[in-house]
Amino acid sequence: MDDAELESAIRDACFGGDPDLGALPPRIAIYRRLVRNTLLGVAEKLLPRTREHMGEAFERDFASFLAERGPTTHYLRDVPHELVAWAAPRWAREGREPWLADLARHELATFAVATTPHLPEPAAADVALDKPLLLSSLVRIERFAHAIHEDAAPPPARALTLLYYRDAEHAVRTLELSPLAAAVLVRADRPLKDAIAAACEETRIPMNDATLASIAHLLADLGERGVLLG
């Protein structure tokens, strides 16, 4: 048996459908349980609210994920991301709560921002219209169809964009962005004047003094939060 065949056999033993564990060699059965329990534990740790809401259905879907697709990543922390990418269309087809996928994505984004290493940032610089915005490396921006960050249960259906960041005490915070603010910040890699022009066109907001003043206020607020470096 070559390496590829051995890898395929181990994968089938660990991720295949429910086998007769008594028919497996004892070491393989133990290894299967160890691998599956480890992966499930990581998924439950990163998706605690999703797991709590779904109950036993979470474990069933996770078992189906292993059997039908299985993880392709070498990193445990990426397995929940692959699970959610696989499960979201399935949840939609099955008529699960329309906000369930948003909840899972929100939990993954929160974890990602909480655990991203805080590397040295470039020196702060003045904002300039002819230069792109410089956001902290800890920032993440996600769009949702439900207000998943609110305490309401179930969360109301409302299209929104959340900005995730870490504050001075390294706690994860979220900031709900206005449509204009979101349209500007997702174009942070463009010169600011171009980002503003495109954002105004997208949101159909006139680019006048009031609009520019609101953007200046936004950038000042982001600077105070440590989100905007220049």
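Described in the following lines is the structure provided in the data block. Note that the structure is predicted; figures quoted are calculated from it, not measured. (Residues numbered from 1 in each chain as written. Predicted model: local features only at pLDDT ≥ 70, side-chain atom pairs only at ≥ 80, totals over all residues. Heavy atoms only, no water.)

**As for the overall build of the chain**
Helix and strand counts for the chain stand at nine helices and three strands. When the elements of the chain are put in sequence order from the N terminus, they spell out α-α-α-α-α-α-β-β-β-α-α-α. Each of the 230 residues in the chain was classed as buried or not, and the buried ones make up 39%. A sequence separation of at least 24 residues applies to 54% of the contacts in the chain between residues at least 6 apart. Of the roughly 13200 Å² of accessible surface on the chain, a fraction of 55% belongs to carbon and sulfur atoms. (Helix = DSSP H or I, 4+ residues; strand = E, 2+ residues; numbered from the N terminus. Buried < 20%, exposed > 50% of the residue type's maximum accessible area, 1.4 Å probe, protein only. Contact = heavy atoms within 4.5 Å. Areas by Shrake-Rupley, 256 points an atom, 1.4 Å probe, with all protein chains shown as cover.)

**With respect to the sheet that holds strand S1 (residues 140-146)**
The strands that make up a sheet are held in pairs by hydrogen bonds between backbone atoms, and each pair lies either parallel or antiparallel. Here three strands make up an open sheet; going across it, the order is S1-S2-S3 and the pairing antiparallel. A strand with exactly one partner marks an edge of an open sheet, and here the two such strands are S1 and strand S3 (172-177). The average undirected angle you get between the axes of adjacent strands in this sheet is 30°. Note that S1 and strand S2 (residues 157-166) share six bridges and pair antiparallel. What sits directly across from Arg140, in S2, is Tyr164. (Pairing = 2+ DSSP bridges. Axes fitted to C-alpha atoms, helices over the stretch in contact; angles between N-to-C directions.)

**A few points about the pattern of salt bridges**
One pass over the full model with this rule turns up 15 salt bridges. In this structure, Glu94 engages Arg90 in a salt bridge whose closest nitrogen and oxygen atoms are separated by 3.3 Å. A residue is classified by how much of its surface remains accessible, and Glu94, at 45% relative accessible area, is partly exposed. With relative accessibility at 15%, the residue Arg90 sits in the buried group. Salt-bridge contacts for Arg187 lead to Glu202; the nearest nitrogen and oxygen are separated by 2.6 Å. A residue pair is termed long-range when its members are at least 10 positions apart, and Arg187 in the loop between helix H7 (179-185) and helix H8 (192-203) and Glu202 in helix H8 qualify at 15 residues. (Salt bridge = Lys/Arg side-chain N within 4 Å of Asp/Glu carboxyl O.)

**Here's the deal with unusual backbone geometry**
The step from Ala153 to Pro154 runs through a cis peptide bond, and the omega angle for that step is 0°. Within the element layout of this structure, Pro154 appears in the loop between S1 and S2. Positioned with a positive phi, His170 is a non-glycine residue whose angle comes to about 70°. Within the element layout of this structure, His170 appears in the loop between S2 and S3. Assessed through its relative accessible area of 47%, His170 is described here as partly exposed. For Arg204, which is not glycine, the phi dihedral falls at a positive 60°.

**Observations regarding the packing of aromatic side chains**
Considering all chains together, one arrives at two aromatic pairs under this definition. Aromatic pair Phe62 and Phe65: ring centres 6.0 Å apart, planes at 50°, arrangement tilted. Placement of both Phe62 and Phe65 in helix H4 (residues 56-68) is noted, with a separation of three residues, approximately one turn of the helix. For the pair Phe62 and Phe65, a shared accessibility class is recorded, and that class is buried. The structure contains a cluster of three or more aromatic residues connected by ring pairs, namely Phe62, Phe65 and Trp86. (Phe/Tyr/Trp six-rings, centres within 6.5 Å; stacked < 30°, edge-to-face > 60°.)

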